[in-house]
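Coordinate analysis (summary)
The chain contents come next:
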Amino acid sequence: MGDDLSILGGVSIAHGKNTTANATDVYGVDLTLREQLGSYSAVVWQSEYLYRNKDVGTGTDKQAGLYSELIYQYNNNYSAGLRYDAITKNETDLSSYAGIDTDNLDRYTAELEYKPFPMSRLRLSYTYDRTKIIAGERKNISEVMLSLNLAAGAHGAHSY
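A short tour of the structure in this document, coming up. Just so it is clear, the structure is predicted and the values come from calculations on it, not from any experiment.

Conventions and cut-offs
Residues numbered from 1 in each chain as written. Predicted model: local features only at pLDDT ≥ 70, side-chain atom pairs only at ≥ 80, totals over all residues. Heavy atoms only, no water. Patch = residues over 30% accessible without salt bridge, like charges linked within 9 Å, V, L, I, M, F, W, Y side chains within 5 Å. Areas by Shrake-Rupley, 256 points an atom, 1.4 Å probe, with all protein chains shown as cover. Salt bridge = Lys/Arg side-chain N within 4 Å of Asp/Glu carboxyl O. Helix = DSSP H or I, 4+ residues; strand = E, 2+ residues; numbered from the N terminus. Buried < 20%, exposed > 50% of the residue type's maximum accessible area, 1.4 Å probe, protein only. Pairing = 2+ DSSP bridges. Contact = heavy atoms within 4.5 Å. Phe/Tyr/Trp six-rings, centres within 6.5 Å; stacked < 30°, edge-to-face > 60°. Lys NZ or Arg CZ within 6 Å of the ring centre and 35° of its normal.

Turning to a nonpolar patch on the surface, a few remarks are in order. Among the surface-exposed residues, Leu-112, Phe-117, Leu-122, Leu-124, Tyr-126, Val-144, Leu-146, Leu-148 and Leu-150 lie close enough to one another that they form a single nonpolar patch of about 920 Å² accessible area. Among the elements of the structure, β7 (120-134) and β8 (137-150) are those that each provide at least two residues to the nonpolar patch. Ranked by residues supplied to the nonpolar patch, first place goes to β8 with four residues. Position of Leu-148 relative to the elements: it lies in strand β8. Judged by relative accessible area, which is 54%, Leu-148 ranks as exposed.

And the structure:
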């Protein structure tokens, strides 16, 4: 779109058989906007929506959901972001969830990330999750996670 703004989008379609030997169709759409603020800083907004029709023989399960996240990359090493996930449609056999509120199935995440070197990532995140139904009861769960990702081996920048 310009020297500093990039827009990427996509559409996905998948069709195949499921465990009941009937058809499942999955449709998706995604969008990414990236505004380059400086040599190493940027703001990235990324979203995706998926919709599924699953023929189960006695009817069709329909499910859909989305995520949207906003990430501020301060420089090559530090970034912070917010993410929202939601199940927007859940028309399935919910007989096992009788009497349980299955609306507002969403979660919120805040994260901080540090990249000590290009092939590593240290991330601290907090998630408030309202999507879990455990032992017939809806549970709202708070989660703190510290993760370390390391990659080794040949990649585009090096031959080793």
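For the rest of this paragraph, the subject is the pairing of strand β6 (residues 105-114). Alignment of strand β5 (residues 78-91) against β6, held across ten bridges, turns out to be antiparallel. When the sheet's bridge partners are listed, Asp-85 is paired in β6 with Arg-107. Here β6 folds back onto β7, and the loop between the two strands holds five residues.

What follows concerns the side chain of Ser-47. Looking at where Ser-47 falls in the secondary structure, it is placed in strand β3 (residues 42-55). The class of Ser-47 is buried, set by a relative accessible area of 15%. With residues near it in sequence (within four places) discarded, Ser-47 still touches Val-29, Asp-30, Leu-31, Tyr-67 and Ser-68.

On to the packing of aromatic side chains. Taken as a whole and judged by the stated rule, the model has three aromatic pairs. Summarising the aromatic geometry, the rings of Tyr-78 and Tyr-114 are spaced 4.9 Å apart at their centres and angled 35° between planes, so their arrangement reads as tilted. Placement of Tyr-78 in strand β5 and of Tyr-114 in strand β6 is noted, with a sequence separation of 36 residues between them. Centre to centre, the rings of Tyr-84 and Tyr-108 are 5.2 Å apart; their planes meet at 50°, and the pair counts as tilted. Of this pair, Tyr-84 sits in strand β5 while Tyr-108 sits in strand β6, and the two are 24 residues apart along the sequence. Classification of Tyr-84 by relative accessible area gives partly exposed; the value is 30%. The side chain of Arg-83 reaches across the aromatic face of Tyr-67, ending 4.1 Å from its centre.

That's the geometry; what it means functionally is another story.
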